[in-house]
Amino acid sequence: IRSHHHHFLPWRIRVHFTSYPTDRLLPLDDGLDHTTIINNNKNDDDDDGNRGRITNLLKRLFRNSLKQALFMQYASSKVAMGINKHSHGKIWNAVLESNYG
């Protein structure tokens, strides 16, 4: 992995989608009621509420990841802190729509 300045990053990143190593990593506390999500007898109102909370959680995680990546690329928080809310929204929508052009 290379940054903007062509320096190697000091670590490899591994993402676990299954077999999460709970003995080595803390799980994400997303604040959701997972019994509602798992329960097949839930009503549509609960589903819409959880979907909105999940979407907001993913937006926050994406925004934080973007800020971290920009810091690692530019070795400064100036670029990440200069992105306004409207621009974050445009970047998020581009990701959702797979529109990277």
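So, here's what we can say about the structure. (Residues numbered from 1 in each chain as written. Predicted model: local features only at pLDDT ≥ 70, side-chain atom pairs only at ≥ 80, totals over all residues. Heavy atoms only, no water.)

## Remarks on the overall build of the protein chain
For the protein chain, the helix and strand inventory stands at 4 helices and 0 strands. Residues classed as buried in the protein chain amount to 12% of the 101 residues present. (Helix = DSSP H or I, 4+ residues; strand = E, 2+ residues; numbered from the N terminus. Buried < 20%, exposed > 50% of the residue type's maximum accessible area, 1.4 Å probe, protein only.)

## What about the side chain of His88?
Looking at where His88 falls in the secondary structure, it is placed in helix H4 (residues 85-96). With near-sequence residues (within four places) excluded, His88 lies in contact with Arg63, Leu66, Lys67 and Ile83. (Contact = heavy atoms within 4.5 Å.)

## Some thoughts on H4
End to end, H4 covers 16 Å across 12 residues, agreeing with the expected 16 Å (1.5 Å per residue, within 8%). If you check which residues of H4 are buried, you get His88, Trp92 and Ala94. What you see down the axis of H4 is that its buried residues fit within an arc of 160°, all on one side. Turned more than 90 degrees away from the buried face of H4, the exposed residues are His86 and Lys90. The opening residue of H4, the one whose side-chain oxygen lies 3.3 Å from the backbone nitrogen of His86, is Asn84. (Expected span 1.5 Å × (residues − 1). Arc of directions from axis to C-beta. Polar contact = N/O pair within 3.5 Å; in protein donor to acceptor, adjacent residues only side chain to side chain.)

## A short note on a nonpolar patch on the surface
The grouping of Trp11, Ile13, Val15, Phe17, Phe71 and Met72 at the surface amounts to a nonpolar patch, some 690 Å² of accessible area in total. Position of Val15 relative to the elements: it lies in the segment before helix H1 (34-38). (Patch = residues over 30% accessible without salt bridge, like charges linked within 9 Å, V, L, I, M, F, W, Y side chains within 5 Å. Areas by Shrake-Rupley, 256 points an atom, 1.4 Å probe, with all protein chains shown as cover. Salt bridge = Lys/Arg side-chain N within 4 Å of Asp/Glu carboxyl O.)

## Examining unusual backbone geometry
A positive phi is found at Ala75, a non-glycine position, where the angle reads about 55°. Relative to the assigned elements, Ala75 resides in the loop between helix H2 (44-74) and helix H3 (78-81).

## Digging into the environment of Trp92
Inspection of the secondary structure assignment puts Trp92 in helix H4. Along the primary structure Trp92 and Phe62 are separated by 30 residues, whereas in three dimensions their C-alpha atoms are 7.9 Å apart. Apart from the residues within four sequence positions on either side, Trp92 is in contact with Thr55, Leu58, Lys59 and Phe62.

## As for a positive patch on the surface
Residues Lys59, Arg60, Arg63 and Lys85 make up a contiguous surface patch of positive charge. The greatest single-element share of the positive patch, amounting to 3 residues, is contributed by H2. Using a relative accessible area of 43% as the deciding quantity, one classes Arg60 as partly exposed. (Lys, Arg positive; Asp, Glu negative; His and termini not counted. Charge placed at Lys NZ, Arg CZ, Asp CG, Glu CD.)

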